[in-house]
Amino acid sequence: MARVLVIEDEADLREVLQYNLTQAGHRAFAAATGEEGLKLALEVKPDIVLLDLMLPDVPGTAVAKALRREPLTQFVPIIMVTAKAEEIDRIVGFELGADDYVVKPFSVRELMLRIDAVLRRGKSSEQRVIEVAELHIDREAHRVTVGGEEIALTALEFKLLVTLTERRDRVQARGTLLSDVWAMDSEIASRTVDTHVKRLRDKLGTAGRFIETVRGVGYRFSETPSGSQGE
Ligand code: CA
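Described in the following lines is the structure provided in the data block. Everything numeric in this text was worked out from a predicted model, so none of it was measured. (Residues numbered from 1 in each chain as written. Predicted model: local features only at pLDDT ≥ 70, side-chain atom pairs only at ≥ 80, totals over all residues. Heavy atoms only, no water.)

Further remarks concern the sheet that holds strand E12 (residues 218-221). Pairing is antiparallel in the open sheet, where three strands are placed in the order E10-E12-E11. The sheet is open, and its two borders are formed by strand E10 (172-173) and strand E11 (211-214), each paired with just one other strand. Against the sheet, helix H6 (residues 155-166) touches E10, E11 and E12, its axis set at about 70° to E12. (Pairing = 2+ DSSP bridges. Helix = DSSP H or I, 4+ residues; strand = E, 2+ residues; numbered from the N terminus. Contact = heavy atoms within 4.5 Å. Axes fitted to C-alpha atoms, helices over the stretch in contact; angles between N-to-C directions.)

Shown next, in the form of structure tokens:
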């Protein structure tokens, strides 16, 4: 059971989603405008937000940014619902930090599966051990092995790797990594990120393939890289 907040101005769609979410065992909350959605988000502290990009009062992108600014909803997974396929890169990519998206018209079944996937992913960030194929990360022991071989990482490289794996399948802009891993201003040196990612990849050997370069944006950890890397 998850608490799901639907922010969607189309009444029919809102009802269909609420109905299906409830059927799937979730607790559904719904808002018809961005402002109402933000208010409700702070009230109900949802586990996940389905956010329509085109809302009557404020754009969904502004709602997403506002959710990220609020400490209470800062880490809530967001699935963007959009009718504009061409907006997707921007949405999922970087500054908005949406976790996934669906393009209208979408199948409700598919959306339900996406919701489950995003919720599962969120849980993995609390796990002590992260395992991806031959890569094994023990967060508490600060130990990384690849195919059973221990890899010596600096504290920074470890933090970078854990940050990327926690947000797997989500593109991380260089600026985001700089502020989250280095606690540095993104204006200073995004080359720093490239240098460290390169070193980390080299050290990881075969498991280095999981860190893909997303040209012009940053990096993404993925067990099944999409092949969009620029190296
Ligand atoms: Ca709409």
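Next comes the rest of the account.
Residue position: aspartate 194 is located in helix H8 (residues 190-204). Polar side-chain contacts of aspartate 194 include one of 2.6 Å to the side chain of arginine 174. Among residues more than four places away in sequence, those in contact with aspartate 194 are Arg174 and Tyr219. (Polar contact = N/O pair within 3.5 Å; in protein donor to acceptor, adjacent residues only side chain to side chain.)

This brings us to the pattern of salt bridges. Side-chain pairs of opposite charge can arise whenever the charged atoms involved come near each other. Counting across every chain of the model gives 14 salt bridges. Linking arginine 167 and aspartate 180 is a salt bridge whose minimum nitrogen-to-oxygen distance equals 2.9 Å. Taken as a pair, arginine 167 in the loop between H6 and E10 and aspartate 180 in helix H7 (residues 174-182) lie far apart in primary sequence, 13 residues in all. Between glutamate 223 and arginine 168 there is a salt bridge, with the nearest N and O atoms lying 3.5 Å from each other. With glutamate 223 in the segment after E12 and arginine 168 in the loop between H6 and E10, this pair connects stretches of sequence that are 55 residues apart. Note on arginine 168: relative accessible area 18%, which makes it buried. Through salt bridges with shared partners, a single ionic network connects Glu8, Glu10, Asp52 and Lys104. (Salt bridge = Lys/Arg side-chain N within 4 Å of Asp/Glu carboxyl O. Buried < 20%, exposed > 50% of the residue type's maximum accessible area, 1.4 Å probe, protein only.)

It is worth stressing that arrangement in space is one thing and function is another; only the former is reported here.
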